[in-house]
Amino acid sequence: MQGLMMDFQLTVTSVMEHGRKLHGNTEVVSSTSDHDRHRTTFGEVFGRAGKLAHLFAKEGIKRGDRIATLAWNDFRHMELYFGISCYGAVCHTINPRLHPDQIDFIVNDAEDQLLFIDAMFVDLVKPLRERFKTVKKIIVMTSDRKVIEGLGNDWAIYEDVIADLDTDYDWPALDEGEACSLCYTSGTTGNPKGVLYSHRSTVLHSLGANQPDAIGIRREDVVLPVVPMFHVNAWGLPYVAAMTGCKMVFPGAKVGVPSELYKLLDEEEVTFTAGVPTVWQLLRDHMDKNNLKLPKLHTMVVGGSAMPPHLYRYYEEEHGLVVNHAWGMTEMSPIGTANQTLPPAARNLSKEEQMELKLKQGMPVYGVEMKIVDDNGHELPWDGEASGSLMVRGPWIIERYMNKDETALTHGWFDTGDVASMDKFGIMKITDRKKDVIKSGGEWISSIDVENAVMLHPEIPVAAVIGMPHPKWGERPLLVIERSDKRELSLQEIHDWLDGKVASWWKPNEVVYVDKIPLTATGKMHKLTLRDQLEDFSFDD
Ligand code: ADP
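Numbering of residues starts from 1 in every chain and runs along the sequence as written. Two thresholds apply to this predicted model, a pLDDT of at least 70 for residue-level local features and 80 or more for giving and counting side-chain atom pairs, whereas whole-chain, interface and lining totals are computed over all residues. To get the side-chain values, take all heavy atoms of the structure and skip hydrogens and water.

## Observations concerning the site of the ligand
Basically, it comes down to this: Throughout, the term near means that a residue has one or more heavy atoms lying within 4 Å of the molecule or strand in question. For this analysis, a polar contact is any N or O atom pair within 3.5 Å, provided that within protein one partner can donate a hydrogen and the other can accept it, and provided that sequence-adjacent residues contribute only side-chain to side-chain pairs. When residues are grouped by polarity, Ala, Val, Leu, Ile, Met, Phe, Trp, Tyr, Cys and Pro land in nonpolar, Asp, Glu, Lys and Arg in charged, and all others, Gly among them, in polar.
Lining the immediate environment of the ligand, one finds 16 residues, of which Ser186, Ala326, Thr330, Asp418 and Lys524 sit closest. Within the contact set of the ligand, a nitrogen atom lies 3.0 Å away from a backbone nitrogen or oxygen of Gly304. A distance of 3.0 Å is found between an oxygen atom of the ligand and a side-chain nitrogen or oxygen belonging to Arg433. When the residues that make up the shell around the ligand are grouped by side-chain class, the tally is four nonpolar, nine polar and three charged.

Structure representation (structure tokens):
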């Protein structure tokens, strides 16, 4: 027997309409290239999304066309998120930190029709302009006309092109299966691949990610997304904002300057923030040096790469924050797990045992199914010991990449490329990315576990462990430490420090100091590049 409920389409338009009607007065604060601290409201943002829709109609944009953005987090980017998707086009966010050749590749692969860019990316785009074959116009997100002086008439200024257009727009009734946004993977190996989100997957992801024990944003929150809107829709936070009505604080390019980021967090009384560990490390350095606190902040979501325990403890113990260690990926919209609260069964454990659980990546949120399998695809037990390939499925997980014919699934499951264990509570722990796993004498060493143990040392703020060729063992761990104002440690001191923290055969064979550990376009340690940079290294024995 079929249920008899309405066939209501889950669209980003319904999210926007909700936000406009119920949270129209909610404040949106942004730092942009033309405003130090711009203030507007959801009502105005969605009105200007209507102006954009009129612009797209004028430009001949058709349903399903791709419109790209290359921009920091700010109110105009939010207008584009909703204006493009609700028009029926696809909002293609591009990561400006990608190599220019990759930007060229993805603009052409996506066949972008219009390109919206931040003023500070004009110099990045100018030399690429001729290579963007399908782009008809480049619109710079500013009111300052000077930035396009001398450029061709296919360049325009955002505030000019929407100035005379109407805020009311007769939004089309979209099918929830239509594409609403597009994000390419970082392409750390090979060319980036397009992940095409649907209206339905986006709405379900926003609902799923914002369950109380997952991300759990509330109406009274003031949310500062450090996670960029140019990568995986800023973890869905702009949609969650329109659903809940929380105040948004968009940091623009200030996100890279810890003192400025601190000022915004403090002065706007931010209660909730989210980003990758590297940003929290930089903020910590700034706060430590200047003896600063953030009395209003209560939650910090950390994901993208493993949260080092010393950093977790710093924010939890010294600042009283709920540090919510989450995991996900571009192909998953991105949220897969969150670790805000432990299950009741774990509440009787000692503080240290609880800390061990909280440092893991957390429990799958409703909507994401998970299993771990061995090399033959056989499911492994959830005993906290066995680790294998992490497979996922659910309504906001990829089925196939854009412009590819073959499915991305194996028997209906997506292989995340991560190696993980699941414990009896259902809490998942990433031990490594498959390509970063160290295989020593046929056994696996978790580079993340060794890094975490090393970085507990007060004189080692940032370190990576990579597998390097070894004549006897195949691979052995090499510890790479980023130079800081701290003293350099010997290998023996590090071995002594690791005693009892990791298995003795996991201890690195050598240690080297480097000026900078390279980061990927999404702010993770780029171990592939690090291995390339150290290709002349060889172990003594
Ligand atoms: P890319 O690195 O290509 O941009 P994503 O941004 O989609 O790809 O990153 C996804 C990957 O990041 C995951 O597969 C996992 O390896 C890693 N990751 C994400 N969150 C965490 C976390 N909390 N702990 C450890 N690794 C994480």
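## Comments concerning the sheet that holds strand E17 (residues 363–364)
Through backbone hydrogen bonds, the strands of a sheet pair up, either in parallel or in antiparallel fashion. For the record, the criterion: When DSSP finds two or more bridges between a pair of strands, those strands are recorded as paired. Under the scheme used here, helices are H or I runs from DSSP no shorter than 4 residues and strands are E runs no shorter than 2 residues, and both carry numbers assigned from the N terminus.
Across the sheet, which stays open at both edges, the three strands sit in the order E15-E16-E17 with antiparallel pairing between neighbours. The open sheet is flanked by strand E15 (327–328) and E17, the only strands paired with a single partner. Judged from the two bridges that link them, E15 and strand E16 (residues 335–338) form a sheet pairing that is antiparallel. Each bridged residue has a counterpart across the sheet, and for Trp327 the counterpart in E16 is Thr337.

## Here's the deal with the pattern of salt bridges
Two side chains that carry opposite charge are able to pair once their charged atoms sit near each other. Applied cut-off: What counts as a salt bridge is simple: a side-chain nitrogen of Lys or Arg found within 4 Å of a carboxyl oxygen of Asp or Glu. Partly exposed describes any residue whose relative accessible area lies between the buried limit of under 20% and the exposed limit of over 50%, with all areas from a 1.4 Å probe on protein chains only and scaled to the type maximum.
With the rule as written, the count across this model stands at 42 salt bridges. Between Asp36 and Lys254 there is a salt bridge whose closest N-O contact spans 2.5 Å. Of the two residues, Asp36 sits in the loop between strand E1 (27–30) and strand E2 (38–41) while Lys254 sits in the loop between strand E11 (247–250) and helix H9 (258–267), which places them 218 residues apart along the sequence. Note on Asp36: relative accessible area 52%, which makes it exposed. Residues joined in a network through salt bridges with shared partners are Glu27, Arg37, Arg39, Lys247, Glu267 and Glu268.

## Digging into the packing of helix H1 (residues 12–23) against helix H3 (residues 75–87)
Under the convention used in this document: Fitting a line to C-alpha atoms yields each axis, with helices limited to the stretch in contact; the angle taken between N-to-C directions then spans 0 to 180 degrees. Convention used here: angles under 35 degrees read as roughly parallel, angles over 145 as roughly antiparallel, angles from 65 to 115 as roughly perpendicular, and any remaining angle as oblique. Note on convention: the crossing is left-handed when the near helix lies turned anticlockwise from the far helix by less than a right angle, right-handed when the turn is clockwise. Any two residues whose heavy atoms approach within 4.5 Å at even a single point are treated as in contact.
Running from N to C, H1 and H3 point in directions that differ by 130°, and their axes come no closer than 9 Å. Taken together, the axes of H1 and H3 are oblique relative to one another. Of the two possible hands of crossing, H1 and H3 adopt the one that is left-handed. Side by side, H1 and H3 meet where Val12, Thr13, Val15 and Met16 of the first sit next to Phe82, Ser85 and Cys86 of the second. The class makeup of the residues in the contact of H1 with H3 is five nonpolar, two polar and no charged.

## As for the nonpolar core
For clarity, the threshold we go by: Joining through side-chain atoms within 4.5 Å is the link that ties buried Ala, Val, Leu, Ile, Met, Phe, Trp, Tyr and Cys residues into a set, and such a set is a nonpolar core.
Among the nonpolar cores identified, the biggest contains 86 residues, and Phe56, Phe82, Phe116 and Trp327 are the most heavily contacted of them. For Phe116, the contacting residues outside a window of four places in its chain are Leu52, Leu55, Phe56, Ile67, Ala68, Thr69, Leu70, Leu80, Ile139, Met141 and Tyr158. Ala68, Ile117, Leu182 and Leu261 belong to the second-largest nonpolar core, a separate cluster that totals 58 residues.

## Things to note about the domain arrangement of the protein chain
Cut-off, in case you're wondering: Here the limits of each domain have been adopted from an automatic or database domain assignment. A 1.4 Å probe defines the accessible area here, and the buried area is the portion of it lost by two parts on being joined, summed over both.
Domains assigned within the protein chain are domain 1 (12–25 + 38–212) and domain 2 (437–533). For domain 1 versus domain 2, the distance between C-alpha centres works out to 40 Å. Every contact between the two is made by six residues of domain 1 and, on the other side, five residues of domain 2. Here domain 1 meets domain 2 over a buried area of about 410 Å², counting both sides, of which 61% is carbon and sulfur. Where domain 1 touches domain 2, the interface holds zero salt bridges. Here domain 1 is connected to domain 2 by two residue pairs in polar contact (both at pLDDT 80 or more). Per-class residue counts for the side of domain 1 that touches domain 2 are one nonpolar, four polar and one charged.

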